[in-house]
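Take a look at the letters that make up each chain.
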Amino acid sequence: MSNEYEQSRRAFLTKLGLTIGASAIAGEKLSAKVLNDKTEFPLSAEQQHLMDRYENWMDEFIPVIKAFRANPADLEAQKGIADLSEVAESWREQLTVFMKDENFARYYMTATERMTKEIY
């Protein structure tokens, strides 16, 4: 059974039109409470590398989605969303595997919380 946090996360990703994490978010690992301090979730070097890429991606994505929300007709923002969604899609398979690890799943959701707060 999904909790409210998981449902809001799914709705957020759906609104953005992202495919990254779509299958992983359905996993029960995310039903656990997500804490605010990412240091509580130790990651392997490979997992940390993906999260570093994801957080850099978020730094690029946030202004693009803000521009799109301000003006949905903005062609540059539309292209940026499409381009960044392709980048995210390139790690979907690896993300899905890593999301099976509870520490990684919690770290990912904590990192995603920053993007959610900045966009909404």
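See the structure printed just above.
For every chain, the first residue of its written sequence is number 1, and the numbers climb from 1 along that sequence. Local features in this predicted model are restricted to residues whose pLDDT is 70 or higher, and side-chain atom pairs enter the listing and the counts only when it is 80 or higher, whereas totals over whole chains, interfaces and linings include all residues. Side-chain metrics rest on all non-hydrogen atoms present in the structure, leaving aside hydrogens and water.

Here a strand is any run of E in DSSP of at least two residues, a helix any run of H or I of at least four, and the numbering for each starts at the N terminus. Counting its secondary structure elements, the chain contains 6 helices and 0 strands. Ordering the α and β elements of the chain from the N terminus gives α-α-α-α-α-α. Relative to its full complement of 120 residues, the chain shows a buried share of 39%. The contact rule is simple, with two residues in contact once any of their heavy atoms fall within 4.5 Å. Long-range pairs, those at least 24 residues apart, make up 78% of the contacts in the chain between residues at least 6 apart in sequence. Surface summary for the chain: the accessible area is close to 6900 Å², and the carbon and sulfur share equals 52%. The rule is simple: take the accessible area with a 1.4 Å probe, protein chains only, and divide by the maximum for that residue type; under 20% is buried, over 50% is exposed, in between is partly exposed. Surface exposure here means Shrake-Rupley accessible area, sampled with a 1.4 Å probe, where a residue is shielded only by the protein chains that are shown.

Aromatic contacts are taken between Phe, Tyr and Trp rings whose centres are within 6.5 Å, Trp giving its six-membered ring; a plane angle under 30 degrees counts as stacked, one over 60 as edge-to-face, and the others as tilted. Following the criterion strictly, the structure yields 7 aromatic pairs and no others. Where Trp57 meets Phe61, the ring centres are 4.7 Å apart and the plane angle is 10°; that geometry is what we call stacked. Here Trp57 pairs with Phe61, and both are found in helix 3 (residues 45-70), just 4 residues apart, close to one helical turn. Assessed through its relative accessible area of 0%, Phe61 is described here as buried. Judged by centre distance (6.0 Å) and plane angle (85°), the rings of Trp57 and Trp91 are edge-to-face.

Within the element layout of this structure, Gln47 appears in helix 3. Judged by relative accessible area, Gln47 falls into the buried class, the value being 8%. Between N or O atoms, a polar contact is any pair within 3.5 Å; within protein, one atom must be a potential hydrogen donor and the other a potential acceptor, and residues adjacent in sequence are included only when both atoms are from side chains. Of note is the side chain of Gln47, whose polar atom sits 2.9 Å from the backbone nitrogen of Ser44. When neighbours within four sequence positions are excluded, Gln47 is seen to be in contact with Phe98, Asp101 and Phe104.

The packing of two helices is summarised by the inter-axis angle and the distance between the axes. Helix axes use the C-alpha atoms of the stretch in contact, all axes being lines fitted to C-alpha atoms, and the angles between their N-to-C directions lie in the range 0 to 180 degrees. Orientation of helix 3 relative to helix 6 (residues 102-119), taken along the N-to-C sense of each, is 20°, at an axis distance of 10 Å. Considering their axes alone, helix 3 and helix 6 lie roughly parallel with respect to each other. Helix 6 is crossed by helix 3, and the crossing has right-handed handedness. In this classification, the charged set is Asp, Glu, Lys and Arg, the nonpolar set is Ala, Val, Leu, Ile, Met, Phe, Trp, Tyr, Cys and Pro, and all remaining amino acids, among them Gly, are polar. In the contact of helix 3 with helix 6, the residues fall into 14 nonpolar, 3 polar and 6 charged. Should an angle fall under 35 degrees it is called roughly parallel, over 145 degrees roughly antiparallel, and 65 to 115 degrees roughly perpendicular, with every other angle called oblique. Two helices cross in a left-handed way if the nearer one is turned anticlockwise from the farther one by less than a right angle. They cross in a right-handed way if the turn is clockwise.

We define a salt bridge as a contact between a side-chain nitrogen of Lys or Arg and a carboxyl oxygen of Asp or Glu at a distance within 4 Å. Summed over all chains, the structure comprises 4 salt bridges. We note a salt bridge from Lys79 to Asp83, for which the minimum N-O separation is 2.7 Å. With Lys79 and Asp83 both in helix 4 (residues 75-90), this residue pair falls 4 residues apart, about one helical turn. With a closest N to O distance of 2.7 Å, Arg92 and Glu89 form a salt bridge. Look at Arg92 and you get partly exposed, because its relative accessible area is 33%. When its relative accessible area of 30% is taken as the criterion, Glu89 is described as partly exposed.

Okay, helix 3 next. Given 3.6 residues per helical turn, the α-helix brings residues three or four places apart onto the same face. Helix span, expected: 1.5 Å multiplied by one less than the number of residues in the helix. Between its terminal C-alpha atoms helix 3 stretches 38 Å, which fits the 38 Å expected from 26 residues at 1.5 Å a residue. A maximum bend of about 30° is found in helix 3 at Phe61, where proline Pro63 lies one to four positions downstream. Listed as buried for helix 3 are Gln47, Leu50, Met51, Tyr54, Glu55, Trp57, Met58, Phe61, Ile62, Val64 and Ile65. Here the bend at each residue means the angle between axes fitted to two seven-residue stretches, the one ending at that residue and the one beginning there.

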